[in-house]
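Listed below are the residues making up each chain.
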2 protein chains.
Amino acid sequence: MLTLTSLLLRPARHFVKPLSTRTTSTATTPPPPLTVPLSHPIYLIWSANTSLGKTLVSTGLAASSLLSNRHPRRRSFLYLKPIQTGYPADSDSHFVFSKLTSLAPRRSPHLSLLASNHVLKASASAASSILAPQIPQNHGKGMCDLDWCEESRVDGGNSGNAPNSELVCKTMYAWGDPVSPHLAAERESGAVEDSTLLELLQRCLEIGFGKEKMDSFCVIETAGGVASPGPSGSLQCDLYRPFRLPAILVGDGRLGGISGTISAYESLKLRGYDVVAVVLEDHGLVNEVPLGSYFRNSVPVLVLPPIPQDLSDDLVEWYDDTQNVFDSLMEIMLLAHSERIKRLHNMPKRAVDVFWWPFTQHTFVPEGDVTVIDSRCGENFSVFKARNDDVMIQQFDACASWWTQGPDATLQTELARDMGYAAARFGHVMFPENVYEPALECAELLLEGVGKGWASRTYFSDNGSTAIEIALKMAFRKFSYDHGILLDHLKDNSAERHPELVVLALRGSYHGDTLGAMEAQAPSSYTGFLQQPWYNGRGFFLDPPTIFLYNNMWSLSLPRGLDSQILDLKNLNFCSRDNVFDKSRDKSDIAALYSTHISEQLSKFPESKGLIGSLIIEPGKVTHIIIQAAGGMHMVDPLFQRVLVNECRTRNIPIIFDEVFTGFWRLGTESAAELLCCFPDVACFGKLLTGGTVPLAATLATSAIFDSFIGDSKLKALLHGHSYSAHAIGCTAAAKSIRWFKDSQRNPNITSKGSLLSELWDEKLVYQISSHPAIQRVVVLGTLCAVELRVEGSNAGYGSLYASSLLKKLREDGVYMRALGHVIYLMGGPCTSPKVCKLVLVKVCRRLEELSQTEND
Amino acid sequence: MLTLTSLLLRPARHFVKPLSTRTTSTATTPPPPLTVPLSHPIYLIWSANTSLGKTLVSTGLAASSLLSNRHPRRRSFLYLKPIQTGYPADSDSHFVFSKLTSLAPRRSPHLSLLASNHVLKASASAASSILAPQIPQNHGKGMCDLDWCEESRVDGGNSGNAPNSELVCKTMYAWGDPVSPHLAAERESGAVEDSTLLELLQRCLEIGFGKEKMDSFCVIETAGGVASPGPSGSLQCDLYRPFRLPAILVGDGRLGGISGTISAYESLKLRGYDVVAVVLEDHGLVNEVPLGSYFRNSVPVLVLPPIPQDLSDDLVEWYDDTQNVFDSLMEIMLLAHSERIKRLHNMPKRAVDVFWWPFTQHTFVPEGDVTVIDSRCGENFSVFKARNDDVMIQQFDACASWWTQGPDATLQTELARDMGYAAARFGHVMFPENVYEPALECAELLLEGVGKGWASRTYFSDNGSTAIEIALKMAFRKFSYDHGILLDHLKDNSAERHPELVVLALRGSYHGDTLGAMEAQAPSSYTGFLQQPWYNGRGFFLDPPTIFLYNNMWSLSLPRGLDSQILDLKNLNFCSRDNVFDKSRDKSDIAALYSTHISEQLSKFPESKGLIGSLIIEPGKVTHIIIQAAGGMHMVDPLFQRVLVNECRTRNIPIIFDEVFTGFWRLGTESAAELLCCFPDVACFGKLLTGGTVPLAATLATSAIFDSFIGDSKLKALLHGHSYSAHAIGCTAAAKSIRWFKDSQRNPNITSKGSLLSELWDEKLVYQISSHPAIQRVVVLGTLCAVELRVEGSNAGYGSLYASSLLKKLREDGVYMRALGHVIYLMGGPCTSPKVCKLVLVKVCRRLEELSQTEND
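All values derive from a computational prediction rather than experimental measurement. (Residues numbered from 1 in each chain as written. Chains lettered and ligands numbered in written order. Predicted model: local features only at pLDDT ≥ 70, side-chain atom pairs only at ≥ 80, totals over all residues.)

### A short note on the overall build of chain A
Definition in use: Only DSSP runs of H or I reaching four residues or more are called helices, and only runs of E reaching two or more are called strands; each is numbered from the N terminus. Counting other C-beta atoms within 10 Å of its own, a residue is labelled buried from 20 upward, exposed at 12 or fewer, and partly exposed in the gap between, with every C-beta atom placed from the backbone. Placing a C-beta atom from the backbone of each residue, one calls two residues in contact when those atoms lie within 7 Å.
Helices and strands together make up the secondary structure of chain A, namely 24 helices and 31 strands. Relative to its full complement of 857 residues, chain A shows a buried share of 56%. Intrachain contacts of chain A at a sequence separation of at least 6 include 75% that bridge at least 24 residues.

### Here we look at helix α21 (residues 728-741) of chain A
The cut-off we apply is this: Expected span, for any helix, means 1.5 Å times one less than how many residues it has.
Taking 1.5 Å of rise per residue, the 14 residues of α21 of chain A would be expected to cover 20 Å, and the 20 Å separating its terminal C-alpha atoms lies within 8% of that figure. Of all 14 residues making up α21 of chain A, 13 are buried, and the element is well covered by its neighbours.

### Focus on the pairing of strand β31 (residues 823-827) of chain A
Residues and elements named next belong to chain A. Stated formally: DSSP calls a pair of strands paired once it identifies at least 2 bridges connecting them.
With five of its five residues buried, β31 lies for the most part within the structure. Alternating residues of β31 divide into V823, Y825 and M827 and I824 and L826, and every residue in both groups is buried. Relative to β31, strand β28 (residues 784-789) runs antiparallel, the two being bridged by five bridges. Each bridged residue has a counterpart across the sheet, and for L784 the counterpart in β31 is M827. Bridge analysis of strand β30 (residues 818-820) against β31 gives three bridges, and the strand direction is antiparallel. If you follow A819 over to β31, its bridge partner there is I824. Between β30 and β31, which pair antiparallel one after the other, the connecting turn spans two residues, and G821 there sits at a positive phi close to 60°.

### Comments concerning unusual backbone geometry
Of the consecutive residues Y87 of chain A and P88 of chain A, the connecting peptide bond is found in the cis state with omega at 5°. In this fold, P88 of chain A is placed in the loop between β4 (75-84) and α2 (92-107). The phi dihedral of L315 of chain B falls on the positive side, at around 65°, and the residue is not glycine. If you trace the backbone, L315 of chain B turns up in the loop between β11 (301-304) and α9 (316-354). What makes L315 of chain B partly exposed here is the crowd of 19 C-beta atoms within 10 Å. Even without a glycine there, the phi angle at E433 of chain B is positive, about 70°.

### What to know about the sheet that holds strand β22 (residues 611-617) of chain B
Residues and elements named next belong to chain B. Rules: Inter-axis angles, ranging from 0 to 180 degrees, are taken between N-to-C directions of lines fitted to C-alpha atoms, where helices are fitted over the stretch in contact.
The strand order across the open sheet formed by seven strands is β16-β26-β25-β24-β22-β17-β18, and the pairing between neighbours is mixed. Looking along the sheet, the strands with just one partner apiece sit at the ends: β16 (457-461) and β18 (539-542). Here the strands of the sheet are splayed against their neighbours by 20° on average, with no regard to which way each runs. As paired elements, β22 and strand β24 (residues 655-658) share three bridges and run parallel to each other. Across the sheet, I617 pairs through a bridge with F657, a residue of β24.

### Some remarks on the packing of helix α11 (residues 409-425) of chain A against α21 of chain A
Think of two packed helices as two axes; the pair is described by the angle between the axes and how far apart they sit. Residues and elements named next belong to chain A. The condition that has to hold: Helix crossings are classified by the rotation of the near helix relative to the far one: an anticlockwise turn of less than a right angle makes the crossing left-handed, while a clockwise turn makes it right-handed.
With their axes 8 Å apart at the nearest point, α11 and α21 run at an angle of 145° to one another. Crossing of α11 against α21: the hand is right-handed. On α21, the residues that touch L411, E414, L415, D418, M419, A422 and A423 of α11 are A728, I729, T732, A733, K736 and W740.

### Looking at the relation of the copies chain B and chain A
The cut-off we apply is this: When the copies are superposed, the least-squares fit draws on C-alpha atoms of residues that have pLDDT of at least 70 in both.
Taken as rigid bodies, chain B and chain A are interconverted by a rotation of 180° and an axial shift of 0.0 Å, the fit giving an RMSD of 0.1 Å. Viewed as a symmetry operation, the transformation between the two copies matches a two-fold axis. A symmetric contact is evident, with 99% of the interface residues of chain B recurring at the interface of chain A.

### Section: the sheet that holds strand β18 (residues 539-542) of chain A
Residues and elements named next belong to chain A. Taken together, seven strands build an open sheet; the order of strands is β16-β26-β25-β24-β22-β17-β18 and the sheet is mixed. Either end of the sheet is taken by a strand with one partner, and the two such strands are β16 (457-461) and β18. Across the sheet, the axes of successive neighbouring strands diverge by a mean angle of 20°, strand direction being ignored. With respect to the sheet, helix α13 (residues 464-482) is in contact with β16, β17 (501-506), β22 (611-617), β24 (655-658), β25 (682-685) and β26 (697-701), its orientation differing from that of β26 by roughly 20°.

### Notes on helix α12 (residues 437-448) of chain A
Think of an α-helix as turning once every 3.6 residues; residues three or four places apart then point the same way. With twelve residues, α12 of chain A should cover 16 Å at 1.5 Å per step; its first-to-last C-alpha distance of 16 Å lies within 8% of that length. Of all twelve residues making up α12 of chain A, nine are buried, and the element is well covered by its neighbours. Every buried residue belonging to α12 of chain A is among E437, P438, A439, L440, C442, A443, L445, L446 and L447 of chain A, and all of these are buried. Where α12 of chain A is buried, its residues contact α11, β15 (434-435), β16, β26 and α21 of chain A together with α9 of chain B.

### Thoughts on the interface of chain B and chain A
We apply this condition: Each residue gets one label: Ala, Val, Leu, Ile, Met, Phe, Trp, Tyr, Cys and Pro are nonpolar, Asp, Glu, Lys and Arg are charged, and the others, such as Gly, are polar.
Taken together, the contact pairs 145 residues of chain B with 144 residues of chain A. Among the elements that take part in the side of chain B that touches chain A, helix α11 (residues 409-425) of chain B stands out by supplying eleven residues, more than any other. Partitioned by chemical class, the residues of the side of chain B that touches chain A number 70 nonpolar, 54 polar and 21 charged. Sheet analysis places β15 of chain A next to strand β12 (residues 371-377) of chain B, joined by two bridges and oriented parallel. Within the sheet, the bridge partner assigned to V435 of chain A lies in β12 of chain B and is V372 of chain B.

### Brief notes about the confidence of the model for chain A
Detailed reading of the predicted coordinates is not advisable wherever pLDDT is low. Residue and element names in this part refer to chain A. The test is simple: The quantity known as pLDDT measures the predictor's confidence residue by residue, on a range of 0 to 100.
For chain A, the average pLDDT comes to 89, and 89% of its residues sit at 70 or higher. Segment residues 1-27 is flagged for pLDDT under 50; beyond a separation of four residues in sequence, or across chains, it makes 51 contacts in the model. Scored below 50 in pLDDT, residues 625-631 shows 22 contacts in the model against residues more than four places distant or in partner chains. For this predicted complex, the interface confidence reaches an ipTM of 0.95, while the overall pTM sits at 0.95.

### Regarding the environment of E618 of chain A
All names here are of chain A. Within the fold, E618 resides in the loop between β22 and β23 (635-636). By the C-beta count within 10 Å, which is 25 here, E618 ends up buried. Between the C-alpha atoms of E618 and L506, which are 112 residues apart in sequence, the distance is 8.9 Å. Apart from residues lying up to four places away in sequence, E618 is in contact with S509, D658, F661 and T662.

### A look at the packing of helix α9 (residues 316-354) of chain A against helix α12 (residues 437-448) of chain B
Keep this limit in mind: For classification, angles of less than 35 degrees are called roughly parallel, those exceeding 145 degrees roughly antiparallel, those between 65 and 115 degrees roughly perpendicular, and all remaining angles oblique.
Contact pair α9 of chain A / α12 of chain B: the axes reach a minimum separation of 10 Å and the direction vectors enclose 45°. In terms of orientation, α9 of chain A and α12 of chain B fall into the oblique class. Regarding α9 of chain A and α12 of chain B, the two cross each other, and that crossing is left-handed. Every residue of α12 of chain B that contacts α9 of chain A at M347, R350, A351 and V354 of chain A is listed here: L440, A443, E444 and L447 of chain B. Along the lines of polarity and charge, the residues of the contact of α9 of chain A with α12 of chain B split into six nonpolar, no polar and two charged.

### Brief notes about the environment of V219 of chain A
All names here are of chain A. Among the structural elements, V219 can be located in strand β8 (residues 215-221). In sequence terms V219 and I248 are 29 residues apart; their C-alpha atoms lie 9.4 Å from each other. Once you skip the residues sitting within four places of it in the chain, V219 turns out to touch Y43, I45, S58, L61 and Y79.

### Let's talk about the environment of A439 of chain B
All names here are of chain B. As for its placement among the helices and strands, A439 is situated in helix α12. Under the C-beta neighbour-count criterion, A439 is labelled buried, with 28 such atoms within 10 Å. Sequence separation between A439 and M474 is 35 residues; the distance between their C-alpha atoms is 21 Å. Ignoring any residue separated from it by four or fewer positions in sequence, one finds A439 in contact with F431, A726, A728 and C731.

Right under this line is the structure:
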C-alpha cells in the first residue's frame, strides 16, 4: 500500500563555513527594501505557551492543504521553522516532513508528493551532533552553514510523472540545547541579529514561492510562547514584527489556559498583529466558551480533540479525527487571506471615493497614485504594491509622516503599551481644576526640558495651530498690560474702539491653518480670498537673511534692503555650519547691520496700522513651505533671529517661539531655542511632542505672562480651551517620548554631553549632493535634510517634474519621500540610526546621478 | 518549644442562609460611593498562570510582615482570597493561616500572634462537604453564608497579654469543583455578580483595618491567571479593575515562562494596573534576566529558590531560605505604597505650580480645591481624598469629562486594547494621498452614520474648533462659487477688494476657541478685547426662541421681536417633549410666524455689512455656555432651527451643522440632525467621536461642496490641514465607538428600532426637580440633564454660591458635577445605565431638599 519510494539523507554540502560577517552595504550598492510576497498566504503560528502543539497544528494544516482531494491543482506547502532549539532530538521541521509523508498515502492514495526537510544553519555543537567527524575541534562560536537536507517522494501510482504536490520544510537556525533560543544562542553561537534572521527568512519566502502557478501556502512556526526571546534576545513578537504576517494562535485548553491564551492574544495585538483564529486542545474545560465570549466571536476558536499522551502513538488516528478541524482552519485562513488581498486592492478606490485629503487637489491623485499603507514599524512603512504578484514593501518614511514622527520600532512598541495603559487607566479626564499623573508628569518634563531656564507654566491644547492662537492671546495680554492698554478696556466693552495689535514676523513663516495663526503670516498663496475669506494679515513682516549649502559651501543670502549695505562679500560664506551658529557672530559687523536694519524697519511701521504687540518666529527655521515653485527652501540666519529677539526685548514686546516643528530634537537640539542661545516669553510645541502618535500641543509661558491673567475675575483668566486639553493618553506618550529621546541608554544618537544629537546625515554625501549640477541648495540640520532642485529661470514645472520622477524611483528603492514644489526632503526621527540615514542618502545620490545621465544622453 | 496554645474550630454560626437577593437601592437611600482605604498597603497578587505559587508568596509576605523582629509596633496582616475553587481540599486562606502559625514560633519565639481563618460564603456543595449534616437536600443554587472560622493563638511567652500581632485570613467565596471559578459557579451556585463581589470585598477591607493604630498590610490573592474568569464570567483583571489596586505579579520561571510572564504583565497594563514587582521561582533558566531587560529595570524581578516538589515537605526550610527575598519584596511594596501616598498628597501643590488650566482663574483654585483623579473606570473617576485616613473614592463623572465621554468599563478596556493595537500597527501615518485601514473605516462609518442621506466626503482634523474653521472655508467657497464671486478672485490677488462674507448664526451659540470659530459667534464675555484682541464678530446673529421644562411643563420662550406677534399664549406650552420635536408643528401658525420673522430679519441685514455666506447652527442645541450668571441654559426650539434651514436653503446659503457637542447620541440620536429632520451641507463632529479618548474631528460635506474645490490647480484645493489629520489611533477609537454605541448587542440603551437611546433620566424625578422652588428650568435630552438654579433678580452670586455648596455635597455622595454659572448639569454616556442615572438624580434631589430645608430653617 505505501509507496514511500525514497528517503534520502544527503551529505552536507557547505559545512562548517562560518557565516560571513554582514557588513553595512557600501555606498555603491544599497540593499533592496524588505519585501513580503502576498501571492500566497503566509501565516505565523504563535502559541500561548511552549508545548501546546504548534507543530501538530502546522502538520494538520500541511495535511489539509496537500492531502485533500478537493482541489485538483498542484499545490505546495512551505513550512518554516526559523528557530529550533534542542536540535536534532527536537526538530519540528522533521516532524512535519515525516508525519506528512506517512499520512499522505493513507489520506490520498493517488497523490504524488515530493517532500523535503532542510536545516540551513546550526550552531557548531548542534551540527556536530549529527555530523561529528566533520566538525573541527574548537570551532568556536557563530553559526555554521549546515545545509542539511532529507527528501522523500510519495508516488501515488504515477511514478515517473512530476508529483502533484510539494512539501518543503525548513529549519533556518538550529541549536542543541533544549532551552529558550536566547540562552541556546548565548551558550552555543552568540546572538543572531534580528536583521540577519529576517533577511534569511525573506530569502526562504522568496525561494518558497516559485514562478510556477501553484496553490501555495506557508506557515512560519515560532518557538515557545509569543513573547519568548529569539536568538538576539528580542522577543519573538517584536522580532517578526516588520513582516506583520497574519497570525494563528495556538491556545491553551488546560486549567489556567483561558488566561494564558487571552494574555498571549493581547501581546500580539499590542504589536499590531492580526490574529485570524485560535485553536486549542480540548482538556474537558470548554475554555473555548469564555474565549469566544472575550473575542465577541470576531476571532473563531477551534477545538482539537485531546492529543494522545502515549509517546509511541503515531498520531495517525488523531489526525484522522482532526481532519475536519484543520480543514475548517484552512478555510478560515484561505478566506482571511483572500479577503485581505481584496481589501488591499479596493482601498485606493474607496479612498478616492470618501476621503477629502488636506492640501490635496483631488484631480491630481488618481486611484492608481494612492499609497496603501498597511502598517508602520519604527521609521518604515509597509506599503502594499499591486503587481502581477502583489507584495508588501518596506519604505523609509522620509516625510516622517508629515513631520511628526520620532519612534524607532522599540519605542513604538513601548508607546503602544503605555498608551494602552493610559487609555485603560484614565481614558480621558477633564483637565480644569484637576490633576492626574500623565498631565502633571508631562507639564513638569516640558518645563524641565524645552522650557528650562525661562518657562514656568504649561498650557495644553490639541495642535500647533491652537497652541499658536493661545500664545498670541498670552503675548497680546502681556503687551497690553505692560503698555497700559488694558486699563482702558477692563470693562470689556467690545463696542469701544481699541488699538489694533499686530505681530512682528518673518516673511515666509507659517504658523498653522486656523484663522488666528494664519493672521500671523505674511500674505501668500495660502492667504488669498479663495482660501481664507477672512484673512487680513495682521502683522508687520520682515524679509530675513537666509543660509544654505551650495557647492560645498555654507553661504548667507541677504534680502533686498540689507544686501546693499554689505560690501565685503567674503563675509557671506562660512567654513562650516557650526560657524553659522557660533555665538561670537554677535560681535560681527553683520550683527550691527542687522540691528540697525531692524530698528529702521520698526521705526517705519506706522502706528495707524497698529501696535506691534508680539514677535513670533520659528527659531532655527529651516523650511519654507511653498506650493508654487516660486518659493524655495531656507534656513533663516540664526544671528538675525537673535538680534531680532534682542531688539524686541528692549522694546518690551513679548517674544513667541513657534517650536511646533523645531522642538524635540527635530533640529538636533531638544529645543531650537538652544540653537539661538536666547529665551522667549512664550513657546509653542506640538508634532514630535507625543513622539508622533496623537495630537497634543503645549504653550509654555513665563510667570510674568501667567501673572497678566491673574485677577479677581474669571473674565481675566485665559478663556480658551479644548475638550481634550491635556488628555491622558497624549500626555503619557509625551512623557515617555520626551524622556526616551534624551536618554542615551535608549537613544543611541544622544551624545555623551546630552544636549546634541549626533550628526545623522553623512557629511561627505551631503556635500556631494550640494555640488551636484541639478541641485540649487541643501540645508541639513538635525533630523532634516532638504534639497532644493535647480529651477531653470521661472520654469518651475521642470523642477517639479524632475522631483516627481525622482520620488517615484526612490519609492521603488524603499524611500517614501515627498516634495514641496521643487524641494525634496528627508526626515528621520531623533533615534534614527545614522547608518540608515546614510543608506537613504546613497539611494538619493544614485538616483540623482541616474537622472542626470538620462538627461545628458 | 512550640507554644501553640489553641486551635479552635468554631461551629458555623449563620449557616445555609441563602444570600439575600441584592436589589437596586431604593430612591430614598442611595448606596454610598465605592471607597478604598489608603491608610495601609493593599496589594493584589496576580499570577501569569495557575499553580505558580501565589499562595506561597502571600504566605511569605505575611511572614515577613508579622514575624520579623525589625519593627516593635503591633502589626496586622489581612489575607483575602475572594475566590476559592476546589474547597475545602484546596483552601489558600487555610494554607496561609496554618503555615504562619507554624512558622511563627520558629521565626519569632517571643511573638504573640492571633491568627484566624474565615470562610464567608460557599456554594451548597462546598459547604456540605465540610458540614454535611446541616445541609438540607436539594438546597439548590446560590451561595450560602457559611461564616466558618478557625482561630489560633501563638503565645510567645506572654500569655494573658494582648498579642503583638494579628493575622486575619478570609476566603470570601468557596466552591467545591477544582476548576475555573466561572465553571464552578455555573455548576454549583450560578453566577455571582461583579458588583456583589466587590461590595463584599470592600466590606472585608473596611473591617480589616480597624481604628487601632497598627501597621497593617493586606494582600488580595486572585485565582488562576490574570485573565482567568471570575464567578460571573468577567475576567478577573476586569472584575477587580474599579479598585485599581497596585499589583504583584507572580511570574513563571519555567521554559516558556518569560513569554507567559510578559503577556500577563501586558494584560494588567492594558487594564491600567501598576505592577510593583515580579517574583518567580528559579527553574535554572535565569528567566529574570530577559524579564529585567524587558522591564528596563523599572519593575524589580525577584527570584525564589526552587520549591520542594515533595508534597510531604512542610516548606519550613524553604521559608527560611526565602526570608530575605520576601523581606526585600515587602520593602519594595511598603516603599511603593508610601511613595504613592506621598505623590497623591503632593499632586495638588505641584499642579497649582505648573499647570495653566483653561477657563480657570487660578486665584479661585487654591491647592485644597484641586481634585486628584487617580483613574477612571467607565463612567466613574477614582478620586483621592486626603483625610485622617486617606481614601480613594469613586465619583460618577457627571461632567462626562467636559462633554467628551462615552465608554462604559467594558468599552474602555476594549478601546485601550484596540488603541494599543493601532499605535503598534500604525503609530501615525501621514494622510494626504495615502490610505490606511482605520482612516478609511472611520470615514465610511461617518458617511453611513451621521452623514447618511446627504454627506459624501470626510475631512479630518483635530478638534471641534478646527472642524468649524474648515466647515466655514467649505461653505464660503460654495457660496462664492454659487453666487459668482469666485470668478473675479481666481487670480488670488489678495490686494484686490473682495466682498465681506459673514455667517448667519444664533445668539448664544459657541463654536470653538480659535479665531475663525470665534468670529462665528455673537459678542459675549468671551469675545472682548481682553480675551480676543482680533475678534470682529463676522456674523448676523438672531435671537432664537427656546424651550424648557418648568414646573412639570415644557414651555416655549420667545425673544423680543417675536413675542409681540404671538397672542395666543396657549401655544407656548407642550404636553410633552415629544410634541416639541413633532414634525407636524411645521404646519402650525408658529412655523409661519418664524418664517416671516426670519425673512424680515434677513432683508434688514445691509449688504454693506457683508454677504451672508453661510448658516451655522447647533441642531438640538441645549446648553448655553455662560460665565457670568447673566446667561442661562436653553434648548433652541427645533422648529425655529428647521425653518431657518429652509429659509437659507431657498436663498442658496450653505448650511453648517455644528454637531461637535451634539453628535453621537449626546442628545439621544446618533446625529442631532435627526432631531431637526433636515440635512445640512456641511457638518462638524468631534468630542464623542473617539468615544472620549483622544482628540479627533471630522467635517462632513456633500459632493456639491467638495466639487467647488475641484479644479486644475492645487491652489483651488482646500489648503488647510493638521499634521495628525486622520491619525490612526484616533480613527481606530472612533470606528470602534461609532459601531459600539449603535449596536444593541453592546449598548443596552439602544432600543430595538436602533435610532433612539432609551430615556436615561427618570421622568418622575426630572419633573420633580422642575417643580422645586429653587429651580428655574430644566432641560433633559439624551445623555444630558441640565438644571438651572433660580437666580433672585440680578443676584447672580446667590445662584453660584448655592451651586457651589450643592456640588460640594454631591461630590461627597460620589457625583462629580460642575456648574456653568448657576446651571448645573448631569451628563452620562450613550451606554450609561438608566439605573445609574436614576441613582445620581436621587442624590441630586436629596441634596436639593436638604439645602432648601437649611434655608427655610
